[in-house]
Amino acid sequence: MLSLTGEVSMQCEVAGGTAWGEPASTVTSLAFVIAGIALWLTRGRRPDGGARPGVQAAVAVLAVLIGLGSVVQHGPSPWWNPVVHDPPLMALLALVAADGVADLTQRRLRAWWWLVPGAVCAVLAFWRPGWSAAAQGVAAAAAVGITLLRAWRRPALRRHLLPGLVLLGLGGAIGTMTRPGWPWCAPDSWLQGHAVWHVLAAVTIVVLAPALGARSLR
């Protein structure tokens, strides 16, 4: 991202003129923080899927960290921004994938299944940011694929899993179509596609959360 230059960033938003870099993307990053706080406050409730409060708490903390890291990336954007932006996102993707595998194989979810990928991503983000981005892409594909399989095998969880996937797909499509060179790119518009992606992704976390940690429903 190019900040403080007035040039168009890779997200197709004019970046520069203030310490906020990409204003729309910076502000909407707080949607993750709001989502995380909401999940934290409701973590003690056991929804219909029997989701474990510990898993809910982990998702809540990761959502907040994703939001704060995104603020750093889209705002002041220091050279080290991938170190705070990438690891919590990788950890959450790994958590979604690992929780799905644990459910489908009737195994207990282990914290290291998602903590280790997050730690590895932190190292990659520091030394090879491009590798970190590629690793997140692989993790995202795995999380989506496993969630689709889980929705097929666990009908009772579809009310959370399928809407979450639809929201994520919609947000991804909007984010892609509004990148530089794509039809909906409008750098000077107050409505930015990446900002919309932030909001939809945050809502996706809230929608998916009740299914994470669920084991009792089949």
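Residues numbered from 1 in each chain as written. Predicted model: local features only at pLDDT ≥ 70, side-chain atom pairs only at ≥ 80, totals over all residues. Heavy atoms only, no water.

Undergrad: Just checking my understanding: could you explain the side chain of Arg 154 for this structure?
TA: Along the chain, Arg 154 falls in the loop between α6 (129-153) and α7 (158-177). Note on Arg 154: relative accessible area 6%, which makes it buried. From its side chain, Arg 154 meets the backbone oxygen of Asp 103 in a polar contact 2.9 Å long. (Helix = DSSP H or I, 4+ residues; strand = E, 2+ residues; numbered from the N terminus. Buried < 20%, exposed > 50% of the residue type's maximum accessible area, 1.4 Å probe, protein only. Polar contact = N/O pair within 3.5 Å; in protein donor to acceptor, adjacent residues only side chain to side chain.)

Undergrad: I keep staring at the pattern of salt bridges and nothing clicks. Help me out?
TA: Side chains that differ in charge, positive against negative, can pair when their charged atoms come close. Considering all chains together, one arrives at 3 salt bridges under this definition. With a closest N to O distance of 2.9 Å, Asp 103 and Arg 150 form a salt bridge. In this pair, Asp 103 is assigned in helix α4 (residues 81-104) and Arg 150 in helix α6, connecting sequence segments 47 residues apart. Residue Asp 103 shares its accessibility class with Arg 150, and that shared class is buried. The shortest N-O distance in the salt bridge between Arg 154 and Asp 103 comes to 3.3 Å. One end of the pair, Arg 154, is in the loop between α6 and α7; the other, Asp 103, is in helix α4, with 51 residues separating them in the sequence. Taken individually, Arg 154 and Asp 103 each receive the classification buried, so the pair is uniform in this respect. If you follow the salt bridges from partner to partner, you end up with Asp 99, Asp 103, Arg 150 and Arg 154 in one network. (Salt bridge = Lys/Arg side-chain N within 4 Å of Asp/Glu carboxyl O.)

Undergrad: In this structure, what is going on with the packing of helix α2 (residues 30-41) against helix α3 (residues 53-74)? I would like to understand it.
TA: Packed helices, taken two at a time, are described by the angle between their axes plus the distance between the axes. Packing of α2 against α3 leaves a shortest axis separation of 7 Å and a crossing angle of 160°. Taken together, the axes of α2 and α3 lie roughly antiparallel to each other. When you trace α2 past α3, the crossing you get is left-handed. Residues Leu 30, Phe 32, Val 33, Gly 36, Ile 37, Leu 39 and Trp 40 of α2 pack against Ala 57, Val 59, Ala 60, Val 61, Ala 63, Val 64, Ile 66, Gly 67, Leu 68 and Val 71 of α3. Classifying every residue of the contact of α2 with α3 gives 15 nonpolar, 2 polar and no charged. (Axes fitted to C-alpha atoms, helices over the stretch in contact; angles between N-to-C directions. Parallel < 35°, antiparallel > 145°, perpendicular 65-115°, else oblique. Left-handed = near helix turned anticlockwise from the far one by under 90°. Contact = heavy atoms within 4.5 Å. Nonpolar A, V, L, I, M, F, W, Y, C, P; charged D, E, K, R; others polar.)

Undergrad: I tried to follow the layout of surface pockets on my own but got confused; where do I start?
TA: Left-over empty space is what a probe sized like a water molecule reveals as it rolls over the atoms. Its boundaries defined by the atoms lining it, the largest pocket holds a volume of some 1200 Å³. Lining the largest pocket we find 42 residues, and of these His 85, Leu 89, Gln 136, His 194 and Trp 197 sit closest to its centre. Looking at the lining of the largest pocket, the elements with two or more residues in it are α3, α4, α6, α7 and α8 (193-208). Counting residues per element, the lining of the largest pocket draws most heavily on α6, at 9 residues. Of the residues that constitute the lining of the largest pocket, the class distribution is 21 nonpolar, 18 polar and 3 charged. (1 Å grid on protein atoms, 1.4 Å probe; cavity = no way out; pocket = protein on both sides within 12 Å on 5 of 7 lines; lining within 4 Å. Points joined across faces, edges and corners; volume = space filled by probe spheres on them.)

Undergrad: What is the right way to read the environment of Pro 210 from this model?
TA: Here Pro 210 shows up in the segment after α8. Put simply, Pro 210 and Arg 43 are 167 residues apart on the chain and 9.4 Å apart in space, counted from C-alpha to C-alpha.

Undergrad: Which parts of the structure should I look at to understand the nonpolar core?
TA: Within soluble globular proteins, side chains that are nonpolar tend to cluster in buried spots. Ranked by internal contacts, the top residues of the largest apolar core, which has 34 residues, are Val 59, Leu 92, Leu 95, Leu 109, Trp 114 and Ile 205. Put simply, the parts of the chain that give this core at least two residues each are α2, α3, α4, α5 (112-127), α6 and α8. No other element matches the 11 residues that α4 contributes to this core. When sequence neighbours within four positions are dropped, the list of residues in contact with Ile 205 reads Phe 32, Leu 39, Val 59, Ala 63 and Leu 92. If you look at the next biggest cluster of nonpolar residues, it comprises 6 residues, including Ala 151, Leu 157, Leu 208 and Ala 211. (Core = buried A, V, L, I, M, F, W, Y, C linked by side-chain atoms within 4.5 Å.)

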